[in-house]
Amino acid sequence: MYESYYKLSGKPFQLAPDPFFFFGSSTHKRALAYLKYGLSQGEGFIVVTGDVGTGKSTLVRTLFGSLEGKNDVVAAELINTQLDSTDILRMVAATFGLAHKENKKSSLLKNLENFFIARSKEGKRCMLVIDEAQNLPFETLEELRMLSNLYHDGKTLLQIFLLGQSEFREHLRDPALEQVRQRVTASYHLAHLDVEETQAYVEHRLRKVGWDNLPSFTAESFQLIYDFTEGVPRKINTTCDRLLLYGFLEEKSRIDGEIVKIVTSEITQENDAGKEAAAKSKVPLKVVDKSLPADASAIEVRVHQLEKEIQDLRDRFRKEREFMRKIVQISLNFGDE
């Protein structure tokens, strides 16, 4: 929407991880170096941790991007991690395209081993990326360790990348996971960007889509963006996307501190409203009349919930109608020009 207005070739602040926008901050450069070292070892676990939105997935996709054109790597990714030790094997088999639905654990293990050995004989190595690793039960981590122990002709058959939120570091310190820790060949924890890196990150992503200082950003705006997002890349993306949308709707050629304050205030209000709605959905909106039968009381509560939902929809419809009115007006103005 705002891309053509600011003469950009694409959306600079999309949320989907994309190596095209990889920004080599001090922490991300160091993390990438650790990953490349671990990858060169060709065995064990490579662990990447960080708070939500710090760029773990983009980092690994950037690493894999460096492998494009090479035919010696077979990579697969697993996102669903709330699985027991047998289900994890089924999911691993599925990601590598193997039969898995009716197979017993012993068959799954044998099929995986045969697959890895076949790829090894072809001169290829297999890698498995597991996201949200903090959700893995200990028994599942132990099962993955056993997979990482598979060898053929003195070579490890499978290397595993574990991407997890900060609490995963605490999980790995548990005495029960001593053998898992011993299989970690490289690990790194992603830190937040500092204020200078936040500005450089915003400008980097804008330049990747042809930004020519339109809109311009003031020094105060960058400081406020950092204060609001705490240097978390995903938060920066969300905030800057909204800033450009606001600038487009209000026909601004400069993003200053006042605009950042307006937009971040709107985001905060929306987040607070979402939290409030979620909290209300978990409790009755009105004290139930205990003189009513149980079924009638439940119906009364549900009626009040539906009334609240209808009012929320009406409010949202009014906002969207006003939003569309602005877009139509801007389109008409463009047509007059």
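The structure displayed is predicted, hence computed values, not measured ones.

1. Details of the layout of surface pockets
Here's step 1: Considering only enclosed or pocket space, the second largest pocket measures out at about 420 Å³ in volume.
Here's step 2: Along its surface, the second largest pocket is lined by 27 residues, and G53, G55, K56, T58 and R234 are the ones closest to its centre.
Here's step 3: When contributions to the lining of the second largest pocket are tallied by element, the ones reaching two or more residues are α3 (56–65), α9 (195–207) and α11 (233–249).
Here's step 4: Partitioned by chemical class, the residues of the lining of the second largest pocket number 10 nonpolar, 10 polar and 7 charged.

2. Examining the packing of aromatic side chains
Here's step 1: If you walk through the whole model with that rule in mind, you get 10 aromatic pairs.
Here's step 2: Look at F96 and F116: their rings are 5.5 Å apart centre to centre, the planes differ by 85°, and that puts the pair in the edge-to-face class. Of this pair, F96 sits in the loop between α4 (85–95) and α5 (105–121) while F116 sits in helix α5, and the two are 20 residues apart along the sequence.
Here's step 3: Taking relative accessible area as the criterion, F96 reaches 9% and is therefore assigned buried.
Here's step 4: Exposure remark for F116: the relative accessible area of 1% places this residue in the buried category.

3. A word on the sheet that holds strand β7 (residues 184–190)
Hydrogen bonds along the backbone pair up the strands of a sheet, which may run parallel or antiparallel.
Here's step 1: Spatial strand order, β2-β3-β6-β1-β7: 5 strands in an open sheet with parallel pairing. Two strands in the sheet have a free side with no partner beyond their single neighbour: β2 (73–78) and β7. For this sheet the average axis-to-axis angle between neighbouring strands, irrespective of direction, equals 15°.
Here's step 2: With 5 bridges joining them, strand β1 (residues 45–50) and strand β6 (residues 158–164) adopt parallel strand pairing. Note on β6: the bridge partner recorded for I46 is F161.
Here's step 3: Its contacts with the sheet put α3 on β1, β2, β3 (125–130), β6 and β7, and the angle it makes with β6 is roughly 150°.
Here's step 4: Relative to β3, α5 is tilted by about 130°, and along the sheet it contacts β2, β3 and β6.

Rules behind the numbers
- Residues numbered from 1 in each chain as written.
- Predicted model: local features only at pLDDT ≥ 70, side-chain atom pairs only at ≥ 80, totals over all residues.
- Heavy atoms only, no water.
- 1 Å grid on protein atoms, 1.4 Å probe; cavity = no way out; pocket = protein on both sides within 12 Å on 5 of 7 lines; lining within 4 Å.
- Points joined across faces, edges and corners; volume = space filled by probe spheres on them.
- Helix = DSSP H or I, 4+ residues; strand = E, 2+ residues; numbered from the N terminus.
- Nonpolar A, V, L, I, M, F, W, Y, C, P; charged D, E, K, R; others polar.
- Phe/Tyr/Trp six-rings, centres within 6.5 Å; stacked < 30°, edge-to-face > 60°.
- Buried < 20%, exposed > 50% of the residue type's maximum accessible area, 1.4 Å probe, protein only.
- Pairing = 2+ DSSP bridges.
- Axes fitted to C-alpha atoms, helices over the stretch in contact; angles between N-to-C directions.
- Contact = heavy atoms within 4.5 Å.

So yeah, pure geometry; function would need other evidence.
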